[in-house]
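These are the residues of each chain, in order.
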Amino acid sequence: MELPARLAMGGAGRDHRRHGGLFPGRSDGLAGRAQARMVRRARHHQADCGRGASRMKIIEVHGVSKSYGGVKANTDISIDVEKGGITGLIGPNGSGKTTLFNSIVGYHPVDSGSIRFEGREISKMMVQDIARLGLLRTFQQTRIYGDMNCVENMLISMPHRKMTLWESFTTNTRADHDRAEHLLDFVGLYEKRFLRSGSLSFGQQKLLEFAMALMNEPTVLLLDEPTAGINPTLINGLIDRLKRANSEFGITLFIIEHNMRVIMNMADRIYCLAHGELLAAGTPDEIQGDQRVVDAYLGAH
């Protein structure tokens, strides 16, 4: 089914019009260097489950429901996130996307259903215990330490899930500082590494938060609207770095995104929620051609 012209031209509201239509075309191309240790992990991962092979399911959500009082935020949601891929989650405002993310990372218990990470049931686990397994998330609003400089923010985000109690109280090493600076270089903040992070623009703070997440060497990174509020001139750079984190570092990405140009350009597979229920699933091309998705964004009946 061809995409209706009214949707391609008009979008689905202010956010989508600002980015040139609801489903713009995809684009390609990026390159760069990455940290050696993460590159090695990515190469091992690619040998096990290359893009041409059938990937393992690293997150499995089955029959998950969550209500707040009498409001059903999620109803019988079932999705899979493939290891090593980029999976998108879209839907109109209030469709239950952030609630589902919060359930996956343990911010609240689900009412029913199962959530498994690398085959392990995590729906009853605490946030910090899930994070130690390598499942991390970022937020729509940045969570950085504004009075610290960028390097200090990086060091305070060291991967405590891999540390002993004693190690968590020891002084950071030269290697820790080098790694922090390398990742700041990766996200384009090396020249600002000694600036107070609260003085950065909102887009730069998002890049810092992304680098802080990478400091923890996540297996899976959940990103809640990573491009929201960012100056359009920074969006392409962020897209490139997210793609490189996936392809070079071997990090699985699961992304909520309202900017359709971004998610259609990045994701291998996309899920669409509406009114707390799973509406559609498929490749970007399949989602673009799904009339149910078009109607959900336009508010059609």
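Refer to the structure printed above.
An account of the accompanying structure is given in this report.

### Here's the deal with the pairing of strand β1 (residues 57–68)
Working note: regular strand, side chains alternate between the two faces of the sheet.
(1) Moving on: The sheet contact formed by β1 and strand β2 (residues 71–82) spans eight bridges and is antiparallel. Following the sheet pairing, I59 is matched in β2 by V81.
(2) Moving on: A loop of two residues connects β1 with β2, the two strands running antiparallel in sequence, and G69 in this loop sits at a positive phi of about 65 degrees.

### Concerning the packing of aromatic side chains
To describe a pair of aromatic rings, one takes the distance between the centres and the angle between the planes.
(1) Moving on: The final tally for this structure, using the stated rule, is two aromatic pairs.
(2) Moving on: Ring centres of F101 and F254 lie 5.0 Å apart, and the angle between their planes is 50 degrees; this geometry places the pair in the tilted category. Of the two residues, F101 is situated in helix α4 (residues 97–104) and F254 in strand β8 (residues 252–256); the sequence distance between them amounts to 153 residues.
(3) Moving on: A relative accessible area of 0% means that F254 is categorised as buried.
(4) Moving on: The cationic tip of K66 hangs over the ring face of Y68; the distance from NZ or CZ to the ring centre is 5.4 Å.
(5) Moving on: Directly above the aromatic system of Y190 lies the positively charged group of R193, at a separation of 3.9 Å from the ring centroid.

### A short note on the packing of helix α8 (residues 202–215) against helix α9 (residues 232–247)
(1) Moving on: Direction vectors running N to C along α8 and α9 enclose 5 degrees, while the axes themselves pass 11 Å from each other. Here α9 runs roughly parallel to α8, going by the angle between their axes. Here G203, Q204, L207, F210 and L214 of α8 lie close against α9, whose contacting residues are L234, L238, R241, L242 and A245.
(2) Moving on: Of the residues belonging to the contact of α8 with α9, the class tally is seven nonpolar, two polar and one charged.

### So, the nonpolar core
(1) Moving on: Judged by nonpolar contacts, the single largest core of 48 residues is most densely connected at I90, M154, L208, F210 and L253.
(2) Moving on: Per element, the largest residue contribution to this core is eight residues, and it comes from α8.
(3) Moving on: In this structure M154 touches A180, L183, L184, L208, A211, M212 and M215, once residues within four positions along its chain are discounted.
(4) Moving on: One finds L89, V110, L135 and L222 within the second-largest nonpolar core, a separate group that totals 25 residues.

### Describing the packing of helix α7 (residues 174–186) against α8
(1) Moving on: The N-to-C vectors of α7 and α8 enclose an angle of 135 degrees; their axes lie 9 Å apart at closest approach. Between α7 and α8, the angle falls in the class oblique. As for how α7 packs across α8, the hand of that crossing is right-handed. Taking contact as the criterion, the partners of D176, R179, A180, L183, L184 and F186 in α7 are, on α8, L208, F210, A211, L214 and M215.
(2) Moving on: For the contact of α7 with α8, the per-class residue count stands at nine nonpolar, no polar and two charged.

About the cut-offs
- What you see as residue numbers is a count from 1 along each chain, following the sequence as written.
- Local features in a predicted model are, by the rule used here, given only for residues with pLDDT of at least 70; side-chain atom pairs are given and counted only at 80 or more, and totals for whole chains, interfaces and linings are based on all residues.
- Water and hydrogen atoms were dropped before computing side-chain values, which therefore reflect all heavy atoms in the structure.
- Pairing between two strands is assigned when DSSP locates at least 2 bridges connecting them.
- Each helix is a run of H or I in the DSSP string that is no shorter than four residues. Each strand is a run of E no shorter than two, and both are numbered from the N terminus.
- Pairs were defined over the aromatic rings of Phe, Tyr and Trp, the Trp ring being its six-membered one, requiring ring centres within 6.5 Å. Orientation was assigned from the angle between planes: stacked under 30 degrees, edge-to-face over 60, tilted for the rest.
- The rule is simple: take the accessible area with a 1.4 Å probe, protein chains only, and divide by the maximum for that residue type; under 20% is buried, over 50% is exposed, in between is partly exposed.
- Note on geometry: a ring has a charge over it if NZ (lysine) or CZ (arginine) is within 6 Å of the ring centre and within 35 degrees of the ring normal.
- Under this scheme, a helix contributes an axis fitted over its contacting stretch, all axes are lines through C-alpha atoms, and angles between N-to-C directions fall in the 0 to 180 degree range.
- For classification purposes, angles smaller than 35 degrees are called roughly parallel, those larger than 145 roughly antiparallel, those between 65 and 115 roughly perpendicular, and all remaining angles oblique.
- By definition in these notes, contact holds between two residues if any of their heavy atoms fall within 4.5 Å.
- Polar here means any residue other than Ala, Val, Leu, Ile, Met, Phe, Trp, Tyr, Cys and Pro, which are nonpolar, and Asp, Glu, Lys and Arg, which are charged; Gly is therefore polar.
- In these notes, a set of buried Ala, Val, Leu, Ile, Met, Phe, Trp, Tyr and Cys residues joined through side-chain atoms within 4.5 Å is what counts as a nonpolar core.
- A crossing counts as left-handed when the near helix is turned anticlockwise from the far one by less than a right angle, and as right-handed when that turn is clockwise.

Note that every value here comes from positions in space, so none of it alone points to a role or purpose.
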